[in-house]
Amino acid sequence: MSMNSQGRPSAPNENAVSYTPKTFTGNRALDMEEPLIFEFGHFDTTGVDFDMPEAFETELGGFEREDALELPGLAEPEAMRHYVRLSRNNYAIDSGLYPLGSCTMKHNPRLNEKMARLPGFGDIHPLQPLSTVPGAIELIDQLAHWLMTMTGTSAVAMSPKAGAHGELCGMMAIKAAHTAAGRDPKIVLVPESAHGTNPATAALLGYKVVNIDARDDDGTVDLDALKRTIAEHEGNVAAIMLTNPNTCGLFERDIVEIAAAIHKADAYFYCDGANFNAIVGKARPGDLGVDAMHINLHKTFSTPHGGGGPGSGPVILSDRLAPFAPLPFIRKDGENGPVLVEAEAQLTDGEKPFGRMTAFHGQMGMYVRALSYMMSHGSDGLKQASEDAVLNANYVRVGLQDLMSLPFGERPCMHEVLFDDSFLKDTGVTTLDFAKAMIDEGYHPMTMYFPLVVHGAMLIEPTESESRASLDLFVATLRDLVMSAKDGQTDRFSGAPYFSPRRRLDETKAARKPILTWEKPAPAQAAE
Amino acid sequence: MRYLPLSNQDRADMLTRIGVDSIDDLFADIPQKARLNGLMDLPRRASEMQVERQLSAMASKNVSASSVPFFVGAGAYKHHVPSTVDHLIQRSEFLTSYTPYQPEITQGTLQYLFEFQTQVARLTAMDVANASMYDGSTGTAEAVLMAHRVTKKKKAVLSGGLHPQYREVVEGLSELSSHDVVSMPADPMGTEDILAQIDDETSCVVVQSPSFYGQLIDLKPIAEKAHAHKALLIAVFTEVVSLGLMEPAGTQGADIVVGEGQSIGNGLNFGGPYVGLFATRQKYVRQMPGRLCGETTDADGKRGFVLTLSTREQHIRRDKATSNICTNSGLCSLAFTIHLSLLGSKGLKQMATICHANAVNLKKGLSGVAGVEVLNNAYFNEFTVKLPKSADAVVEALAARGILAGVPVSRLIPGQADLENLLVVACTEVNTQEDRDAFVAALKEVLA
C-alpha cells in the first residue's frame, strides 16, 4: 500500500473562462440567501434554557392565554447564523463612506459602547432610589454642562428621544410660553428647505405652517421676504423653525437679523440642530439668538444610528423658555449638588414645566456614549472635528464642481455640499439612477431629492471621519460615473444596482397591497 | 486626535486645492461678532484610558441591578438577556447603518424589521405592527393621536391604572395640541368604573393591563362599551413578557395595542433607550404612526423588503403627516427580535411562568409580614403592597440594607395621602429564593 501524493492543483485552470453560473442555492459565495425565521425555525422548541419552578397555584384570575402563540424558537447556532447572514446584507459606516447628507454618518467609537455597558450605567433602573444612582445624575449633569457650554445657553431639556421628539419638545415649550403670556398665535414659519419633521411637528401642535421663500441665488432665507411675511401675519406668528446651517449646506448669514425680526414680533426662534456638526466650537447658537434647538446626539456626537435609532435629542433652551422645560430636569442646588426634579410636587417658584416628553429620564445609554465622545475630543478635538467636516465637504465640492452642478455657484459650503441634477440634463439618467449606480461602486448614495428647493437634489456629507485617500477615491468614482452618463452609457444607470444583494425593489407594488407580516402559505391544492 | 484621519499636511494641501488661505475662510458666512475665537471653556482631548477612568468612576457610584436582590419594576424590568443578543447587535453592519433608505443595501435591517413586525403582531394578536416607536410612553401618546384621527373625535379617557408617567406624556401633548383628556384617579385594585366615563364624545379609552399596580384588567367589557360609542380601545402594557402567558389585548377587542418592549432583549439603561411596540387592525393601517416594512420583489423577481406606506410620513407629507417620527428604535427592536427568536413561544411561556411563580412566592412571603397587605388578586409578575408606614421611607431603609425593594407609588404620584404607603413590587426570572427570603426578612426588620 502506498500513499497518493499527487497533491492538488494550486493555480486556476489555464482555460478558466469568465461566466456567471446559476447556483442551486441562489447563493453567490459569501452573498447568502436567507429565509425568514418563520420559514425555517421550529415552533415547539426554544433556544433558551430555564429551570422551571415546582408546581404552584397560579393567580392569573382566569386571564391565561388561550390562542396558540406561534413563534419559532431558534437554537443559538441557528440564531447566530441567521442574524450574521442578515447583517451581511447591510451597508454600514464601518464598511464604507456613507455620505448621507444631514444625517452625519460619522465613525462610532467603540469606547463609547464599552462605557454604556458598564453595569453602573447599563444595569440601573430608572426608578430605583436616587440615593443609589448619584453617578447617573452626575453623568446627565455633566453632559448637560457640555451641551450648554457648546451652545452658549443655560438650560437644556435632556429627555427627548430623538431629533423629531426634540423638535416637539422645543415647540411645546414655545407654545406653553405663549399661553403663559396670554397669547395664542397660530402660525409657524418654515422655509421650503426644512426637514419634513419641522412642518410635521408644527402641525402636530395645531399650528398652521406658512412657507417662507428662499433666495433664488443661494437658498438661504430672504430677510426682506421674512419681514414681509411677519408683517402680513402681525401678532399671529408663534415661531420660526429654521435649520442652520441649512439643508443646502450653507450658513444662514442673516441669522442674527432673522432672530431679531422674530423676537421683535414676540415670536420664538426654533433652530433645527441636525447640522450642528458644522459649527461646534466655531459658533454658539445662543449667541445667534436661538431660543430652542435640539441636538441629535446620534449625528453630531456619534451615538450609533443603529439601523434607524435609537437616537437622542436634547433641546437647549434660552432663558425665556427655560422655565417651561419638561419634567424631569436637574436643578442646581448649591452645596447639595444636582437634584433630579421629576414630579410637579417638587417644583419651586418660577419652574413651569409644560409636562413630560417620555416616561423616565430619556436616553441614558446615548448620554453615556455622547459624553464619552465629547470627553475624548475635548474642546480642541471638537473644534478640529467640525473644521475637518467642513474641509472634507469643500474638498469634495471642488473635486466635482466642474462636472456636476452646484445650484448656487462655486462658493464655500459648510459640512455638506448640495448638487442638483442639471448636469444630467439630456443624458437620460436621473438622480435616482445615479445614486443606484453608486451602490455598484461600493458606496452608499448621498441624500437624494432633498432638500426640495433644487431639482433632483444630491446632498453629500462626507463627515470628518474620512481620510483624504478615501475622499480622492470617492471623487474619482463620481467623476467616472458622470463621464459615463454624459457618454451615453445609460445601461450602467438604468438597471443599477447590479451587484447588491437585491436589485431595484418595487416600492409601488409594496404599497399597493401591503404585506406587513409573514403569513403561513396556504397548503398546496392536492392534484386531482 | 485618534478619530480624525487627516494629517496637518493633508489639511494644508486640501485648503490649497480648495483655493482658500485658511480654514476660517470656509466659515466666512458666520457673522464676525458671533464667531468663537479660541477654544470653548471645556477640558481638552483625552485618551481612551483617561475617559474610561473618569466614566468608570462615575458608574461605580451607582448600585447595579445585578449586584443586589432586585424587585424594582413599574415600567422597566430586569430580565436575563442571552449573550448572543448583545454580540449580534454590535455587528458593525447593524450598529453603524442607518434607516434603510436604500433597500438594495439594507436588506439585513429590513428583513429583521419584517420579522419584528410579525412577532409583535402575533404577541398582541393584532393584524399589523409597525417597526417600533421610541418607547411605551411616547407610543401611547401617538396611539391617542391616531385614535383622534380615526374617530374624528378628540376626547381620551385614561384609566387610573395607566402608568402615571405615561399619563403625564398623554396629558401634556393633549393639552398643547388642543385635545381633551379625562384622567381617572389612581386605581390600585382595578375597581374603577371606567365604563361610566365612555360616551359619544369619547375618541378612545386607554387601559393598561397588567396595570401600573400589577392588577389584571378584563378588557372585553371596555371594548364593547367603547365600540358601542364609536370609540377605540387602546390597550397598554409595560411588561411584554406577560404576553407569553396572558390573554392578549387583540383577542379582547382592542383596536390599538401599544406597550414597552424593553423586557425582551434590552437592558435597564436607567430608562432608555427602550423600544415601543405598536400594533393595530388592518383597517387602520394608513392612520398608523411610524415606519412600516413591507414585502415586495426586486428587478430580478426575488423577494425583498422595503419601507412602505411612506405617504403617511413626514418626509413626504410634511404638515399632513400622521406623526413627526423619523428615527425610531431600530437597534433596540433588533435586540428584541433576536431575543424573541431564541425564546420562541415555548421559551417565552416558560420565562413568563417563572416570573409569575416568583411573584406568587414573594406575595406569600410578604403577606406573612405583620401589617403588610397585598392589594391585587389577579396579577402577573408585579403587585402593590400596602405598608404600615411610608413606602418611600421603607424603600430607603431597605436600600441601606442592600435590597432594592420596588417603587413607592409616591415617587410618581407625590402628595396623595392614600397612596403614601403603597409599594409596587416586581419579580422576574432573575430573582432567587434567597433574594425573596432576604427581602421578606429585611422588611420584617424595617417594620419592627
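Residues numbered from 1 in each chain as written. Chains lettered and ligands numbered in written order. Predicted model: local features only at pLDDT ≥ 70, side-chain atom pairs only at ≥ 80, totals over all residues. Heavy atoms only, no water.

## Some remarks on the overall build of chain B
- The helix and strand tally for chain B stands at 13 helices and 13 strands.
- In terms of overall size, chain B behaves like a compact globule, its C-alpha atoms giving a radius of gyration of 25 Å where 448 residues would be expected to give roughly 22 Å.
- Oriented by its inertia axes, the alpha-carbon framework of chain B measures out at about 80 × 55 × 50 Å.
- Within chain B, the fraction of its 448 residues that count as buried is 67%.
- In chain B, the share of contacts with a sequence separation of at least 24, taken over all contacts with a separation of at least 6, comes to 72%.
- Charge centroids of chain B, computed over 41 positive and 48 negative side chains, lie 2 Å from each other. (Helix = DSSP H or I, 4+ residues; strand = E, 2+ residues; numbered from the N terminus. Rg over C-alpha atoms; globule rule 2.2 N^0.38 Å. Buried < 20%, exposed > 50% of the residue type's maximum accessible area, 1.4 Å probe, protein only. Contact = heavy atoms within 4.5 Å. Lys, Arg positive; Asp, Glu negative; His and termini not counted. Charge placed at Lys NZ, Arg CZ, Asp CG, Glu CD.)

## Quick notes on the nonpolar core
- If you look at the biggest cluster of nonpolar residues, it comprises 127 residues, and the most contacted ones within it are A:Met150, A:Leu189, A:Phe301 and A:Phe434.
- Ranked by residue count, the leading element in this core is helix α10 (residues 364-400) of chain A, at 17 residues.
- Residues contacting A:Phe301, with those up to four places away along its chain left out, are A:Leu147, A:Met150, A:Phe276, A:Val280, A:Ile295, A:Asn296, A:Ala370, A:Tyr373, A:Met374 and A:Leu382.
- Among the nonpolar cores identified, the runner-up in size contains 87 residues, and A:Ala155, A:Val315, B:Ala65 and B:Val68 belong to it. (Core = buried A, V, L, I, M, F, W, Y, C linked by side-chain atoms within 4.5 Å.)

## Some words on the interface of chain A and chain B
- Taken together, the contact pairs 208 residues of chain A with 191 residues of chain B.
- Across the chain A/chain B interface, buried area totals approximately 17300 Å², and carbon plus sulfur atoms make up 63% of it.
- At the boundary of chain A and chain B, one finds 18 salt bridges.
- With its nearest N and O atoms 4.0 Å apart, the salt bridge here joins A:Glu33 to B:Lys302.
- At the junction of chain A and chain B, the tally comes to 99 residue pairs in polar contact (both at pLDDT 80 or more).
- Looking at the side of chain A that touches chain B, the element that brings in the most residues is α10(A), giving 27 residues.
- Across the side of chain A that touches chain B, the residue classes break down as 106 nonpolar, 56 polar and 46 charged. (Buried area = accessible area lost by both parts, 1.4 Å probe. Salt bridge = Lys/Arg side-chain N within 4 Å of Asp/Glu carboxyl O. Polar contact = N/O pair within 3.5 Å; in protein donor to acceptor, adjacent residues only side chain to side chain. Nonpolar A, V, L, I, M, F, W, Y, C, P; charged D, E, K, R; others polar.)

## Thoughts on the packing of helix α6 (residues 163-180) of chain A against helix α7 (residues 164-176) of chain B
- One way to put it is that α6(A) packs onto α7(B) with a least axis distance of 10 Å and a crossing angle of 60 degrees. It follows that α6(A) is oblique to α7(B) by the angle criterion. Helix-helix and strand crossings are classified by hand; for α6(A) and α7(B) the assignment is left-handed. Across from A:Leu168, A:Met172, A:Lys175 and A:Ala176 in α6(A), the residues of α7(B) making contact are B:Gly172, B:Leu173 and B:Leu176.
- Grouping the amino acids of the contact of α6(A) with α7(B) by side-chain chemistry returns 5 nonpolar, 1 polar and 1 charged. (Axes fitted to C-alpha atoms, helices over the stretch in contact; angles between N-to-C directions. Parallel < 35°, antiparallel > 145°, perpendicular 65-115°, else oblique. Left-handed = near helix turned anticlockwise from the far one by under 90°.)

## Topic: the UniProt feature "domain: Glycine cleavage system P-protein N-terminal" (unreviewed entry) in chain B
- Under the UniProt annotation, the feature "domain: Glycine cleavage system P-protein N-terminal" (unreviewed entry) is placed at residues 1-440 of chain B.
- Along residues 1-440 of chain B, the helical share is 35% and the strand share 13%, with 54 Å between the first and last C-alpha atoms. (UniProt positions renumbered as here; feature names shortened; annotations may be inferred.)

## What to know about the UniProt feature "domain: Aminotransferase class V" (unreviewed entry) in chain A
- Following the UniProt record, the feature "domain: Aminotransferase class V" (unreviewed entry) maps to residues 181-306 of chain A here.
- Split by type, residues 181-306 of chain A is 22% helix and 20% strand. Its first and last C-alpha atoms lie 41 Å apart.

## Side note on the domain arrangement of chain A
Residues and elements named next belong to chain A.
- As far as domains go, chain A holds domain 1 (113-371) and domain 2 (381-510).
- For domain 1 and domain 2, the distance between their C-alpha centres works out to 31 Å.
- Counting residues at the interface gives 26 residues for domain 1 and 20 residues for domain 2.
- When domain 1 packs against domain 2, the two sides together hide about 1800 Å² of surface, and 63% of this comes from carbon and sulfur.
- Between domain 1 and domain 2 we count 2 salt bridges in total.
- For Asp 218, the salt bridge is made with Arg 411, and the minimal N-O distance between the two is 3.2 Å.
- At the junction of domain 1 and domain 2, the tally comes to 8 residue pairs in polar contact (both at pLDDT 80 or more).
- In the side of domain 1 that touches domain 2, the residues fall into 11 nonpolar, 9 polar and 6 charged. (Domains from an automatic or database assignment.)

## Considerations on the UniProt feature "domain: Glycine dehydrogenase C-terminal" (unreviewed entry) in chain A
- Following the UniProt record, one finds the feature "domain: Glycine dehydrogenase C-terminal" (unreviewed entry) at residues 385-482 of chain A.
- Each end of residues 385-482 of chain A is marked by a C-alpha atom, and these two atoms are 30 Å apart; helix forms 42% of the span and strand 8%.

## Here we look at the packing of aromatic side chains
All names here are of chain B.
- Tallied over the full model, the rule gives 16 aromatic pairs over all chains.
- For the ring pair Phe 94 and Tyr 112, a centre distance of 5.7 Å and an interplane angle of 80 degrees mean the geometry is edge-to-face. Of this pair, Phe 94 sits in helix α4 (residues 92-95) while Tyr 112 sits in helix α5 (residues 107-124), and the two are 18 residues apart along the sequence. Here Phe 94 and Tyr 112 have matching classes, each one buried.
- Both rings, one in Phe 212 and one in Tyr 213, keep their centres 4.9 Å apart while their planes meet at 85 degrees; by these two values the pair is edge-to-face.
- Tyr 213 gets classed as buried once you look at its relative accessible area, which sits at 0%. (Phe/Tyr/Trp six-rings, centres within 6.5 Å; stacked < 30°, edge-to-face > 60°.)

## A few points about the pairing of strand β6 (residues 256-260) of chain B
Residues and elements named next belong to chain B.
- In terms of burial, β6 is a largely internal element, 5 of the 5 residues being buried.
- Because side chains alternate across β6, one face comprises the buried residues Ile 256, Val 258 and Glu 260, and the other comprises Val 257 and Gly 259, equally buried.
- Direction of pairing for β6 relative to strand β7 (residues 276-280): antiparallel, over a ladder of 5 bridges. Paired with Gly 259 across the two strands is Leu 277, which belongs to β7. (Pairing = 2+ DSSP bridges.)

## Points about the domain arrangement of chain B
Residues and elements named next belong to chain B.
- The domain boundaries assigned to chain B delineate domain 1 (67-79 + 345-447) and domain 2 (83-339).
- A separation of 27 Å is found between the C-alpha centroids of domain 1 and domain 2.
- At the junction of the two partners, domain 1 supplies 30 residues and domain 2 supplies 29 residues.
- Buried area between domain 1 and domain 2, summed over both chains or domains, comes out near 2400 Å², and the portion from carbon and sulfur atoms is 68%.
- Of all residues in domain 1, Tyr 77, Phe 380 and Leu 412 give up the largest surface area on contact with domain 2, accounting jointly for 25% of the area buried on that side.
- Counting every contact that joins domain 1 to domain 2 gives 0 salt bridges.
- Our enumeration of links across domain 1 and domain 2 arrives at 11 residue pairs in polar contact (both at pLDDT 80 or more).
- Mapped onto the side of domain 1 that touches domain 2, the elements with two or more residues apiece are α10 (330-367), β11 (382-386), α12 (409-412) and β13 (422-426).

## Overview of the packing of helix α8 (residues 223-232) of chain A against helix α9 (residues 255-264) of chain A
Residue and element names in this part refer to chain A.
- Closest axis-to-axis distance for the α8/α9 pair is 10 Å, and the angle between their directions is 5 degrees. Comparing the axis directions of α8 and α9 gives the class roughly parallel. On α9, the residues that touch Leu 223, Leu 226, Lys 227 and Ile 230 of α8 are Glu 257, Ile 258, Ala 261 and Ile 262.
- Looking at the contact of α8 with α9, its residues break down into 6 nonpolar, no polar and 2 charged.

## Some points on the pattern of salt bridges
- One pass over the full model with this rule turns up 47 salt bridges over all chains.
- The salt bridge involving A:Lys114 is made with B:Glu52; its shortest N-O contact spans 2.7 Å. Linking A:Lys114 in helix α3 (residues 110-116) with B:Glu52 in helix α2 (residues 48-59), this pair reaches from one chain into another.
- The exposure class of A:Lys114 is partly exposed, given its relative accessible area of 45%.
- The partner of A:Arg492 in a salt bridge is A:Glu441, and the shortest N-O contact between them spans 2.5 Å. On the criterion of sequence distance, the pair formed by A:Arg492 in helix α13 (residues 491-494) and A:Glu441 in the loop between α11 (431-440) and β11 (447-448) is long-range, its members being 51 residues apart.

## Thoughts on α2(B)
- Compared with the 16 Å implied by 1.5 Å per residue over 12 residues, the 16 Å span of α2(B) between its first and last C-alpha is a close match.
- Those residues of α2(B) hidden inside the fold are in contact with α3, α4 (119-122), α5 (134-151) and α10 of chain A. (Expected span 1.5 Å × (residues − 1).)

## What about the sheet that holds β13(B)?
Residue and element names in this part refer to chain B.
- If you walk across this open sheet you meet the 4 strands as β10-β11-β13-β12, and the pairing is antiparallel. At either end of the open sheet lies a strand with only one pairing partner, and these are β10 (373-374) and β12 (407-408).
- One ladder, built from 2 bridges, connects β10 with β11; its direction is antiparallel. Counterpart to Val 374 in the pairing with β11 is Val 385.
- α10 contacts β10, β11 and β13 of the sheet and is inclined by roughly 5 degrees relative to β11.

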